[in-house]
Amino acid sequence: MSYFLMPLLLLDKLKNSKINFIKMTKILITGASGQLGSVLTKKLQDKYGVDNVIASDLRINPSFNGCFEVLDATDFDALSEIVLKFEITQIYHLAAILSANGEKIPLNTWDINMKSLFNVLEVSRLTNIDKVFFPSSIAVYGNDAPKTETPQDYVVAPSTVYGISKVAGENWAHYYYERYGLDIRSIRYPGVIGHQSLPGGGTTDYAIDIFHKAVKNEVFECFLEATATLPMIYMDDTIRATIELMEAPKENITVRTSYNLSGMSFSPEQLTQSIQKIYPDFKIVYKPDFRQKIAESWPSSIDDSSARSDWNWKPQFDIDAMASVMIEELKLKYITELKIS
């Protein structure tokens, strides 16, 4: 179906719908089963109530507690039906193919990442959605960007299709805000580290897998070089930053592309040293692959002063605090299976 016809069909549906325009908060999350989505869904359920948060993804999780809709976000009609059915007021659009996996299928990555975003933007515009969240990434920066304290407004020239899709998404977000007044907000996430799910195909996901190997007393094979320093953030800080941005007063939001966000920066070598404070015998071997080149194109630290000044962002976890919590949580996860003491 063409993008020209989609709005006309949705407008026809709107004429026959019974949306209550005095709306309570009803949230739709796309990509809700992913690393970030699974945790964000639970936090939003706690805050707004289970019945007011609709999770969606390509396949249902049998253990999911709450309202779940099977949704391919590249399907405009399916997305619009859910928005109308549940009288959605906010969308968190998390569905995307990530950096490392994206390089395996570049054109498909572009098609999925952009088509799903266009669908969210158009449905949001036509149904008067209050707010939209679109996650961007440090992958928007390329080889020419300053590696340390990369500025908010530096030229973005990514070297991966994932980064290219995020730059395009940022520009479309800005366009929809300027042209239609759509209140779309975004964060350039660094590498997100959490115990809740397994690595999902990102270049920074070594920093999740390494904890699983440490807790299971296995040698970790790292696909990055020992000194490959990248910006990272612990999951709790990530979720808090996302919700804080979405709850900030509209007049405080000065960045309508995407906010830089920083938690901490470290290399595999530094993370290993932190883990060895708890597991002194933990071993790592380095076998860099194609993801090393991706990492080299990204910053080693980020200037997030705009986020700090506009909506009072401040991280709470450093590398040692994160390592301690990750290990304790994963020990609980594996204690029955592996009888870890």
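Our subject is the structure that appears above.
The rules we used
Residues numbered from 1 in each chain as written. Predicted model: local features only at pLDDT ≥ 70, side-chain atom pairs only at ≥ 80, totals over all residues. Heavy atoms only, no water. Buried < 20%, exposed > 50% of the residue type's maximum accessible area, 1.4 Å probe, protein only. Helix = DSSP H or I, 4+ residues; strand = E, 2+ residues; numbered from the N terminus. Pairing = 2+ DSSP bridges. Right-handed = clockwise from strand over helix to strand, strands pointing away. Axes fitted to C-alpha atoms, helices over the stretch in contact; angles between N-to-C directions. Contact = heavy atoms within 4.5 Å. Phe/Tyr/Trp six-rings, centres within 6.5 Å; stacked < 30°, edge-to-face > 60°. Lys NZ or Arg CZ within 6 Å of the ring centre and 35° of its normal. 1 Å grid on protein atoms, 1.4 Å probe; cavity = no way out; pocket = protein on both sides within 12 Å on 5 of 7 lines; lining within 4 Å. Points joined across faces, edges and corners; volume = space filled by probe spheres on them. Nonpolar A, V, L, I, M, F, W, Y, C, P; charged D, E, K, R; others polar.

A. The pairing of strand β6 (residues 184-189), seen in detail. Summarising burial for β6: six of the six residues are buried, a large majority. Here β6 shows two buried faces, one formed by I184, S186 and R188 and the other by R185, I187 and Y189. Note that strand β5 (residues 131-137) and β6 share six bridges and pair parallel. Within β6, the position partnered with S136 by the bridge is R188. In the classification by handedness, the crossover that spans β5, the intervening helix α6 (residues 161-180) and the parallel β6 is right-handed. Examined bridge by bridge, β6 and strand β10 (residues 259-260) share two bridges and lie parallel to one another. Within β10, the residue paired with I187 across the bridge is Y259.

B. Quick peek at the sheet that holds strand β11 (residues 264-266). Here we have three strands laid out as an open sheet, ordered β7-β9-β11, and mixed in their pairing. Each edge of the open sheet is held by one strand with a lone partner, namely β7 (191-193) and β11. With strand direction ignored, the average angle separating the axes of adjacent strands in the sheet is 45 degrees. Where β7 lies against strand β9 (residues 230-234), three bridges are found, and the strand directions are parallel. Bridge pairing in β9 places I193 opposite Y234. In this fold helix α7 (residues 206-215) packs onto β7, β9 and β11, with an angle of close to 25 degrees to the strand it touches most, β7.

C. Seen up close, the sheet that holds β10. Within the open sheet, the seven strands sit side by side as β3-β2-β1-β4-β5-β6-β10. Their pairing is parallel. In this open sheet, the two edge strands, each paired with only one partner strand, are β3 (67-70) and β10. Pairing geometry for strand β1 (residues 27-30) and strand β4 (residues 90-93), over four bridges, is parallel. Counterpart to I27 in the pairing with β4 is Q90. Where helix α3 (residues 76-86) meets the sheet, its contacts fall on β1, β2 (53-57), β3 and β4, and the angle it forms with β3 comes to roughly 155 degrees. Those strands touched by helix α8 (residues 235-247) are β4, β5, β6 and β10, and its axis lies near 155 degrees from that of β6.

D. Structural detail: the packing of aromatic side chains. As enumerated under the stated definition, the model contains 13 aromatic pairs in all. Taken together, F118, W172, Y175, Y176 and Y180 form an aromatic cluster joined through their ring pairs. Here R256 stacks its cationic end above the ring of Y177, 4.0 Å away from the centre of that ring. Its guanidinium or amino end placed over the ring of F223, R291 lies 3.6 Å from that ring's centre, counting from NZ or CZ.

E. Structural context of empty space enclosed by the protein. Within this structure, the stated rule accounts for two cavities of 30 Å³ or more. Counted as a void, the largest cavity has a volume near 70 Å³. Lining the largest cavity we find H93, L94, A95, A96, N113, M114, S116, L117, F134, P135, S165 and K166. For the lining of the largest cavity, the secondary-structure elements that each account for two or more residues are α5 (106-126), β5 and α6. Sorting elements by how many residues they give to the lining of the largest cavity places α5 first, with four residues. Across the lining of the largest cavity, the residue classes break down as seven nonpolar, four polar and one charged.

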